[in-house]
Amino acid sequence: MYNRILLPTDGSELAGRGIDHGLALARALSLPVTVVSVIVPLTGFALQGIVQAEAMDSYNEGRRKEIEDLEKIIGEKAKSAGVVADFVSKVHLSPAVAILETAAERGCGLIVISSHGRRGISRLMLGSQTSEVLSEAGIPVLVVK
């Protein structure tokens, strides 16, 4: 039914629940997983406080280090579960678009993603990456709360 599971993560505790659920499902179905992390570049308002290129480089390097650390942790979990995992890191303005692109590029048949459960004005202002993935995906999406 599925050939590979895509597991998006932003490194948060809630995303970790999605990773754990996805790894358990991959183990049960004997499937490989692709884990994707997205770096959102600093633009617009976020750039107003940054006046030096060094600060931008520091931000990018910090995010890359966080992702490396996250990949080690998830890699160990996958190995313990007997799941083959590969990792993708993308720089993109829209995490949802990067997730969907990765699913297509890697031939994933299922996306397991966490929902941050934002409500009201917070959801309107920040948007919901999970909602966008749900509405735009051409493959099944399992949402973990």
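Residues numbered from 1 in each chain as written. Predicted model: local features only at pLDDT ≥ 70, side-chain atom pairs only at ≥ 80, totals over all residues. Heavy atoms only, no water.

**Q** I'd like a rundown of the nonpolar core, residues and numbers included.
**A** Counting 16 residues, the largest nonpolar core has Ile-5, Leu-7, Leu-23, Val-33 and Val-83 as its most contacted members. Breaking this core down by element, the ones donating at least two residues are strand 1 (5–9), helix 1 (13–29), strand 2 (33–39), helix 3 (53–81) and strand 4 (110–114). Tallying contributions element by element places helix 3 first for this core, with four residues. When near neighbours in sequence (up to four residues on either side) are disregarded, Val-33 contacts Arg-4, Ile-5, Leu-7, Leu-23, Ala-26, Val-83, Val-84, Ala-85 and Asp-86. (Core = buried A, V, L, I, M, F, W, Y, C linked by side-chain atoms within 4.5 Å. Buried < 20%, exposed > 50% of the residue type's maximum accessible area, 1.4 Å probe, protein only. Helix = DSSP H or I, 4+ residues; strand = E, 2+ residues; numbered from the N terminus. Contact = heavy atoms within 4.5 Å.)

**Q** I'd love a proper account of the pattern of salt bridges, names of residues and values included.
**A** Evaluation of the coordinates by the stated rule reveals seven salt bridges. A salt bridge links Asp-69 to Lys-65, with the nearest nitrogen and oxygen atoms 2.8 Å apart. Here Asp-69 pairs with Lys-65, and both are found in helix 3, just four residues apart, close to one helical turn. On the basis of relative accessible area, Asp-69 is assigned to the partly exposed category, the value being 31%. Shared partners join several salt bridges into a network, and the residues in it are Arg-4, Asp-86 and Arg-106. (Salt bridge = Lys/Arg side-chain N within 4 Å of Asp/Glu carboxyl O.)

**Q** Go over the packing of helix 4 (residues 95–106) against helix 6 (residues 129–136) with me, naming the residues and quoting the values.
**A** Taken N-terminus to C-terminus, the directions of helix 4 and helix 6 make an angle of 40 degrees; their axes are 8 Å apart at the nearest point. The orientation of helix 4 with respect to helix 6, classified from their angle, is oblique. The chirality of how helix 4 crosses helix 6 is right-handed. Contact with helix 4, carried on its side by Pro-95, Ala-96, Val-97, Ile-99 and Leu-100, involves Gln-129, Glu-132, Val-133 and Glu-136 of helix 6 and no other residues of that element. Tallied by class, the residues present in the contact of helix 4 with helix 6 amount to six nonpolar, one polar and two charged. (Axes fitted to C-alpha atoms, helices over the stretch in contact; angles between N-to-C directions. Parallel < 35°, antiparallel > 145°, perpendicular 65-115°, else oblique. Left-handed = near helix turned anticlockwise from the far one by under 90°. Nonpolar A, V, L, I, M, F, W, Y, C, P; charged D, E, K, R; others polar.)

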